[in-house]
Structure formats: C-alpha cells, structure tokens
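Working through the structure, step by step
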Amino acid sequence: MEFPIFVRKHVTFSVLAILGTLAIAQGGPIDGNPAEKDALFGLKATFNDPFLNGNWTGLHCNVNGPSRWFGILCAYGRVKGIVLEGMGLPGDVNVNAFSELEELSILSFKNNSLRGKMMNFSNNHQMKYIDLSGNVLVGSISKSLVSLILLEKLFLHDNRLTGSIPEFSQSSLEIFNVSNNNLEGPIPTTQTLQSFDSASFSGNPRLCGSPSLNSCKTSSNSPSVLPLNSTLDNNEGQNKPSEKNNNSNILIIFNVVFLLAIILLLMLYFNKARKLSKIEKGQIPTVEEEEKDVENSVSKKIEIGEGTMMRVEERRQLIFFSNKPKFQMGELLRASAEALGQGIMGNSYKAMLNDGTPIVVKRLRDLKPLTKEEFSKILHMIADLKHPNLLPLLAYYHSKDEKLMLYRYAQNGNLFSRLHDGRDGNRVPFSWNSRLSVARGVARALEYLHLNNRFYNIIPHGNLRPSNVLFDENDAVLVSDFGLAFLVAQPVAAQHMVVYKSPEYVFAKKVTMQSDVWSYGSLLIELLTGKVSSCSAPPGINGVDICSWVHRAVREEWTAEIFDKEISGQKSALPGMLRLLQIAMRCIERFPEKRPEMRDVVREVEKIHAPLTNEDEDDVSADRSLTDDSFSTSTSGIIGDER
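**Here's the deal with the overall build of the protein**
When you go through the protein residue by residue, the secondary structure sums to 22 helices and 22 strands. Across the 643 residues that make up the protein, the buried fraction comes to 46%. A total accessible area of about 32,700 Å² is found for the protein, and carbon and sulfur atoms account for 54% of it.

Here it is as structure tokens:
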C-alpha cells in the first residue's frame, strides 16, 4: 500500500511536528530549555574550570537520553540535578544562579572552594537535596530554604555562615547539618529543628538552646540589682560601698563553687581509679560483659526465611541516619520476610512493613572484631557517602549476635537480571541507550567513591558486579554494597570481595582503586557482549572468562561476534559501542599503572553520544561499510596495546 502524495511531500514536516508536540507534552523542547542552558553557562563562567569549559558544550539536555554534560542530570529535556563534588571549583556564585532552573531537585557542590553568599532558592520548588558543605560560603542562611516544602536533605556544614538559623518547619526534612559555621543565637523551637541531635549544630560556639549543648544566657532581673540601679540614678556616690559589697559577695560565691568543683572531680577520679583496679583483678565485670549479659537475657530467635533463624533483641533500637525513624525493631520483626539471595558478606531479605514499604535487610557475617563504637563509626562514614547513583544506607542494628544493615528496596531489579534473564524466551530487549546510561551511572558512582576515599579513608568498592547495580522505580542506576570491605580484614576482603579478579589480585590479594577500575572495565564488557562472566556468575550458571575472550575477539577481528545481538543491529549506535569497548580495554590493562583513573573514565564515557532513536535497524554485519577491516581500523589503538 502506497502513502498519499500529500503525506509523502510533507512527511518531514509531519515527523518534526509530532516530535515537537511530544517534547512539549513531556515538559520541554527537543533542544532543552534555553533559559536553563544560559543559567548553566553562567555557572561555567563563574567556575572557569578547564574540564567543564571543554565538556559543557552543545546540547545540555536531551529528551531521549541522559545529559552529555558532566554532573548534569536531566529528565524530559529539563535540568533535574547538578552534582559537582570534590572538584576544587572556585568562584562567587550569583545568588540568583538557579532562578531559571525551576525543575531542579538535586544540587551538590560538596567539597569545593565556592565563596560569597548563599544562593536564592525561591524558584526551585522541586528541590529535595542540597549539599553545599565544605566550601567558604559567608553571610546568613538563605530564608528561601524555608519555602522548599519538598526538601529532604540539607547539608551546610563546614562553611563560614553567620547569623541565626531560620525557622525550618518542613515535615519532609530528614537530614539537617549546619555544624562548623559561625552561626549564633537561639535555635528555633520548631518541631523539625528540635528533632535533630546536637551534632547537627556543633561547631557553632555562639549558637545556643536545644538541641545544641550550649545554654542561652538570660538577662538578670533579680530584685537585688534593681534597687541598686535605681539608687545609682538618684545618688551615685552614696551607693559605691553597696556596689563593692556586692562584688565581694559574688567573688566569695565563685570561689566556693570552684572549690566544690575541684573536690568533686577528685572524688570522681579516685572512684574511677578504684573501679579500674577492681576490673583488672577480676572482681567486677566490664561494661561489655554487662552488655553481653543483658543481650543474652532479652534476645530471642526469630525465623526470617525457610529454616533461617536470627537472634535479635526487640528492646534494642534500630539506629537511623535520617534522625527521623520510620519504624522500630518490633515492627521489623513482625514484617513478612522474603529471601533475596546469598551474598559474599551475608544473606539479604526483603521485609514488608505494615504501611507497605519494602525494606532490604542485609545480615552481615565474617566481620573483623570491632567494638560497637568502631562498627558505628564505619557505618556512619558509609552513610555519609551520598550520591544520586549510590544506594543510601537507611539504618543499622548492632548486638552481640547480629549485625544488620537496612536499605531501601530497588523496585526494578538488578543489572544481572536485566542482562541475562529470559534469553531463551520472551524478554524486553535491553537497548543501547539504556546500557549506556548504566555505564555512565556506575562510572559516576565509582568516581565519587574514589574522590571521597581521601576524606573517609574507606577501602574502594571492591565488589562491583552486575547484581550490585540496581534500578529504582524510575530506572535510575544505584550501585550497592560499597564500603563493606572496611568491615572485614584486608586478607578476607581480598579473598571474597573482588568479583572480577584483576591480575594484581592474583599475586598480591589486595583491594585497590585500580582493581575497581578493572572491575568496571569487566562490567562494561559484560554490558556490551551480553555474555555471563565466570567471575560474577551465580551458582549453577556457567560463565566465560570475558576479559580473555574479548582480547582474543579484538585481536582476531570477530566483528560480528563481539556485541550483544540485541544492540548489534543498531547502526547509529555502533560508534558509541566501539568507543565504550575501547574504554573497557583500557580499564582491563594488565598493569594497574596503565589503567585510567575513574575521573578520566567518566569524562570519556560522558563524551559518547546516545542515538536520538532506539528504532531497530538492519544488522551491521550486512552493511559493507562496517566490515571487519573498518572495525580493525577503529580499534587499532586497542590492538596495539594488547600484550
């Protein structure tokens, strides 16, 4: 059947009109919002960073895929997030820099060198996450933050902010930190601010009132002072003896209080010394022994799966990192549990709470001997690692018998299932654009972990594999199981946690950032080829040594056999596939010093352009312009590096 002449003549105009209508319906034009682009250019001019100057060019948002600009998150052609952390960015950001970014919901300039006053967020009503910590911001906290009714997390610590704290009253606010500034005055008594602990306000000597540890001084209105002042107004000379007597009385009282304090401190010191002496002689139990006795007396076993028992203490509370507990141990114990699988550091379970919220409970095992304080410190460091592509840690539980970590449940499964499930039957094809989005998300997460390793002294991920790359309800990429290597001894971590075995691991058994890069390159190869790696294959599934296989495939120019059949037929995506393969080959270099850093990897992956359409195309193997010879030419740099 042939199309009418009118349709054939005007088909180009019709297609453009349809695309324009769809883009407008989704919230933005195909070329993005010009006002938003101008706002980003303003930021670029302020930072004047060589990398951003070279990267922030061209189209900033694409309705059909992720942004190609480093640190920019887009959805439907609108800017949703700006994440530029630990880059040393200087400059005085204009207070109205974000007035045109009305859809902005995530902003993080953590650990840079930004100066000047805080920005105005009056037009950013979608804002949920703001992190301006670790900069040199001055002036007062912007009152525009109070109007953000969706705000969940606010980090302003480690700046030079002054003035008082605005009256935050948003019920949505879960995390709030203004520590280590120069704030002053009483903390507002709103229910929201009073729900946070003193650590959120510490490091501000002139800040007072609950929940800080500083009490507010009140003016004296005692009757003894009033007559003195009144008389001085009438006859100043006659009251000098009274003033002298009053000062003498105050001095005497001060000396008495000071003497009593010294006596009390001496009593406490001798009492503590006597108690320590008895502990050494075994006459009284230690605090840890008393705690163990309490745990043994009130703990109980519960069944959390088919024949699996867990010993927990119902009276012991879960420790949340949001300062706003959503549930307690009793509700978790009563929740229905479903086993999710057995991991390297323990089993994971999905618990369904009374309100229908799913929670993932990871039961830890094979930990190195840690005190409760050491365990808590490590988990707080892990919880402080916040990035849009990292699965956040919600809470933990610690007792003699059990150590648990609680996460939110990722609704759309993991990368291993997305890549390999249903290959022998009906399945939704895993498109090239989706795979490229995964490569970018995982790279950004690893880069963040590596950049922040110098601040938190946490061993790199060490356990990157497809089953640890999750998808939330919006199909956003979330990397899980990071930081866990710090909970076990280095030899144990090296033996169990490096899934993709790098060459230096075989000899040194050492977990490093370079082994993370190797694991990322191996994951890219699995993403491109669709083959199951023998390192990450679950029990009962046979995999292949994908690193050796891809080296052989590139060397022998097996063009048609390298890429997964689900994506190999899309000719417009072939240049991007070849570029990603080149990056993967650099990441799996035999010698660690020849591998790129994750920061360089992110820059290279961000440069890969996603095709504007995901339509199926003819198999590239049938096109004479894409023969084995052309592939060999495109990848000559890779082949030359092969040892």
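**Some thoughts on helix α15 (residues 513-529)**
Because an α-helix packs 3.6 residues into every turn, residues spaced three or four apart end up facing the same way. Spanning 17 residues, α15 covers 25 Å between terminal C-alpha atoms, matching the ideal 24 Å at 1.5 Å per step. Most of α15 sits out of view: 15 of its 17 residues are buried. Gly530 occupies a position one or two residues after α15 and carries a positive phi of about 75 degrees.

**Topic: the sheet that holds strand β9 (residues 160-163)**
Reading across the sheet, the six strands line up as β3-β5-β7-β9-β11-β12 and stay open at both edges, with parallel pairing between neighbours. Where the open sheet ends on each side, the last strands, each with one partner, are β3 (90-92) and β12 (206-208). Mean inter-strand twist for the sheet, computed between neighbouring axes without regard to direction, equals 20 degrees.

**Thoughts on the confidence of the model for the protein**
Caution is warranted with low-pLDDT regions, since their predicted coordinates should not be read in detail. Averaged over the protein, the pLDDT score is 76; the fraction of residues at 70 or greater is 73%. Below a pLDDT of 50 lies the segment residues 1-31, which in the model reaches 20 contacts outside its immediate sequence neighbourhood of four places, other chains included. Within the model, pLDDT remains below 50 along residues 614-643, and this stretch shows 44 contacts once partners closer than five positions in the same chain are excluded.

**A closer look at the packing of aromatic side chains**
Geometry of an aromatic ring pair is reported as the spacing of the ring centres plus the angle between the planes. Considering all chains together, one arrives at 12 aromatic pairs under this definition. The structure contains a cluster of three or more aromatic residues connected by ring pairs, namely Phe47, Phe98, Phe109 and Phe121. Seen from the ring of Phe471, Arg418 lies directly overhead, with NZ or CZ sitting 4.0 Å from the centre. Its guanidinium or amino end placed over the ring of Phe51, Arg603 lies 4.0 Å from that ring's centre, counting from NZ or CZ.

**Here we look at unusual backbone geometry**
Of the consecutive residues Ser210 and Pro211, the connecting peptide bond is found in the cis state with omega at 5 degrees. Along the chain, Pro211 falls in the loop between β12 and α6 (225-234). Unlike most non-glycine residues, Asp158 shows phi in positive territory, near 60 degrees. The topology assignment puts Asp158 in the loop between β8 (153-155) and β9. Accessibility expressed as a relative area gives 37% for Asp158, which makes it partly exposed. Its identity is not glycine, yet Asp475 carries a phi of approximately 65 degrees, on the positive side. Within the element layout of this structure, Asp475 appears in the loop between β21 (469-471) and β22 (477-479). The exposure class of Asp475 is partly exposed, given its relative accessible area of 38%.

**A word on the pattern of salt bridges**
Applying the stated criterion to the full structure yields 15 salt bridges. The salt bridge partner of Glu103 is Lys80, with a shortest N-O separation of 3.1 Å. With Glu103 in the loop between β3 and β4 (106-108) and Lys80 in strand β2 (residues 78-83), the pair connects residues that are 23 residues apart, well separated along the chain. Linking Arg418 and Asp475 is a salt bridge whose minimum nitrogen-to-oxygen distance equals 3.0 Å. In this pair, Arg418 sits in helix α11 (residues 415-420) while Asp475 sits in the loop between β21 and β22, placing the two residues 57 residues apart along the sequence. Within the structure, one salt-bridge network assembled from shared partners comprises Arg427, Arg435, Asp564 and Glu566.

**Some remarks on the packing of α15 against helix α19 (residues 574-587)**
Taken N-terminus to C-terminus, the directions of α15 and α19 make an angle of 145 degrees; their axes are 8 Å apart at the nearest point. Both α15 and α19 take part in a crossing whose hand is left-handed. Note on element contacts: α19 touches α15 through Met577, Leu580, Leu581, Ile583, Ala584 and Cys587, opposite Val517, Trp518, Tyr520, Gly521, Leu524, Ile525 and Leu528. Split by residue class, the contact of α15 with α19 holds 12 nonpolar, one polar and no charged.

**A few points about the state of the cysteines**
Counting across every chain of the model gives two disulfides. Each disulfide pairs two cysteine sulfurs, and for Cys61 the partner residue is Cys74, the sulfurs being separated by 1.9 Å. Taking the torsion about the sulfur-sulfur bond, which here is approximately -60 degrees, the covalent link between Cys61 and Cys74 counts as left-handed. Highlighted residues: Cys61 in the loop between α4 (50-55) and β1 (72-75) and Cys74 in strand β1, separated in sequence by 13 residues. Comparing Cys61 with Cys74, the two get one shared label, buried. Note on cysteine connectivity: Cys208 is disulfide-linked to Cys216, with sulfurs 2.0 Å apart. Taking the sign of the S-S torsion, about 95 degrees here, the bridge from Cys208 to Cys216 comes out right-handed. When its relative accessible area of 12% is taken as the criterion, Cys208 is described as buried. Numbered in order of appearance, the disulfide-bonded cysteines of the protein are paired 1-2, 3-4.

**Focus: the sheet that holds strand β17 (residues 346-352)**
Paired through their backbone hydrogen bonds, the strands of a sheet run either parallel or antiparallel. Read across the open sheet, the six strands follow the order β15-β19-β20-β18-β17-β16; overall the sheet is antiparallel. A strand with exactly one partner marks an edge of an open sheet, and here the two such strands are β15 (319-320) and β16 (336-343). Contacting β19 (393-398) and β20 (403-408), helix α10 (residues 372-384) runs over the sheet at an angle of about 170 degrees to β19.

**Things to note about empty space enclosed by the protein**
With the rule as written, the count across this model stands at three cavities of 30 Å³ or more. Its boundaries defined by the atoms lining it, the largest cavity holds a volume of some 170 Å³. It is helix α12 (residues 432-456) that contributes the most residues to the lining of the largest cavity, five residues altogether. Here the residues of the lining of the largest cavity sort into seven nonpolar, five polar and four charged.

**Here we look at the pairing of β19**
In terms of burial, β19 is largely enclosed, as five of its six residues are buried. Of the pairings in the sheet, the one linking β15 to β19 comprises two bridges and is antiparallel in character. Each residue of the ladder has a partner; that of Ile319, found in β19, is Tyr396. Sheet topology places β19 next to β20; five bridges connect them, and they run antiparallel. When the bridges of β20 are listed, Tyr396 appears paired with Met405.

Cut-offs and rules
Residues numbered from 1 in each chain as written. Predicted model: local features only at pLDDT ≥ 70, side-chain atom pairs only at ≥ 80, totals over all residues. Heavy atoms only, no water. Helix = DSSP H or I, 4+ residues; strand = E, 2+ residues; numbered from the N terminus. Buried < 20%, exposed > 50% of the residue type's maximum accessible area, 1.4 Å probe, protein only. Areas by Shrake-Rupley, 256 points an atom, 1.4 Å probe, with all protein chains shown as cover. Expected span 1.5 Å × (residues − 1). Pairing = 2+ DSSP bridges. Axes fitted to C-alpha atoms, helices over the stretch in contact; angles between N-to-C directions. pLDDT = per-residue confidence, 0-100. Contact = heavy atoms within 4.5 Å. Phe/Tyr/Trp six-rings, centres within 6.5 Å; stacked < 30°, edge-to-face > 60°. Lys NZ or Arg CZ within 6 Å of the ring centre and 35° of its normal. Salt bridge = Lys/Arg side-chain N within 4 Å of Asp/Glu carboxyl O. Left-handed = near helix turned anticlockwise from the far one by under 90°. Nonpolar A, V, L, I, M, F, W, Y, C, P; charged D, E, K, R; others polar. Disulfide = S-S within 2.5 Å. 1 Å grid on protein atoms, 1.4 Å probe; cavity = no way out; pocket = protein on both sides within 12 Å on 5 of 7 lines; lining within 4 Å. Points joined across faces, edges and corners; volume = space filled by probe spheres on them.

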